[in-house]
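So you can see what is in the structure, the chains are spelled out below.
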Amino acid sequence: QNNNNNMSSVPAPPQQPHTSSSSSDVSISSLLMQNEHYIRAIIENQKHGKLDQCAEYQRQLQRNLMILARIANAQAEAKGTLQQQQVYMKGMSAVSNGSGPVINGAPPQ
């Protein structure tokens, strides 16, 4: 395949932001929009036999998916930590008001 012809019917991908795992909803939305573009570009380039360009879009798509996975993991860990803190605070509250420790989410009877 001759891939010197970079003038495909697919526009150039949007700029890749340098995103860390601490991200806002805006950058998540941006990554999702980029992923949509990459998927369309992969399909279009496959139709035209431009496999090298497909591979590049696939690398960019994979990179974005890994960033999104790190964001999801960080959010899940933060949520789990918050839930643990809430359970701990409920237990401490029960102990301080004399009702005893909270066992399995229910105060002693």
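1. Considering the overall build of the chain
Working step 1: Within the chain, the secondary structure is distributed over 2 helices and 0 strands.
Working step 2: Out of the 109 residues belonging to the chain, those deemed buried represent 26%.
Working step 3: For the chain, contacts bridging at least 24 residues in sequence account for 62% of all contacts bridging at least 6.
Working step 4: Working note: accessible area of the chain is about 8,000 Å², and carbon and sulfur atoms make up 56% of it.

2. Examining the pattern of salt bridges
Opposite charge on two side chains allows them to pair when their charged atoms are near.
Working step 1: Enumeration over the complete set of coordinates arrives at 2 salt bridges.
Working step 2: Between E36 and R40 there is a salt bridge, and its shortest N-O distance comes to 2.8 Å. Highlighted residues: E36 and R40, both in helix 1 (residues 25–47), separated by 4 residues, approximately one helical turn.
Working step 3: For E56, the salt bridge goes to R59, with nearest N and O atoms at 2.8 Å.

3. Re the environment of I39
Working step 1: When you line up the elements, I39 lands in helix 1.
Working step 2: Using a relative accessible area of 42% as the deciding quantity, one classes I39 as partly exposed.
Working step 3: Taking C-alpha positions, I39 is 7.6 Å from L61, a pair spaced 22 residues apart along the chain.

4. A few points about a nonpolar patch on the surface
Working step 1: A contiguous nonpolar surface patch, about 340 Å² in accessible area, is contributed by Y88, M89 and M92.
Working step 2: If you trace the backbone, M92 turns up in helix 2 (residues 51–96).
Working step 3: What makes M92 partly exposed here is its relative accessible area of 40%.

5. With respect to the confidence of the model for the chain
Residues shown with low pLDDT carry predicted positions that ought not to be read at fine detail.
Working step 1: Averaged over every residue, the pLDDT of the chain is 77; the share at 70 or more is 63%.
Working step 2: Long-range and interchain partners of residues 16–23, a stretch whose pLDDT sits below 50, account for 15 contacts in this model, where long-range means more than four residues apart.

Each value, and the rule that gives it
Residues numbered from 1 in each chain as written. Predicted model: local features only at pLDDT ≥ 70, side-chain atom pairs only at ≥ 80, totals over all residues. Heavy atoms only, no water. Helix = DSSP H or I, 4+ residues; strand = E, 2+ residues; numbered from the N terminus. Buried < 20%, exposed > 50% of the residue type's maximum accessible area, 1.4 Å probe, protein only. Contact = heavy atoms within 4.5 Å. Areas by Shrake-Rupley, 256 points an atom, 1.4 Å probe, with all protein chains shown as cover. Salt bridge = Lys/Arg side-chain N within 4 Å of Asp/Glu carboxyl O. Patch = residues over 30% accessible without salt bridge, like charges linked within 9 Å, V, L, I, M, F, W, Y side chains within 5 Å. pLDDT = per-residue confidence, 0-100.

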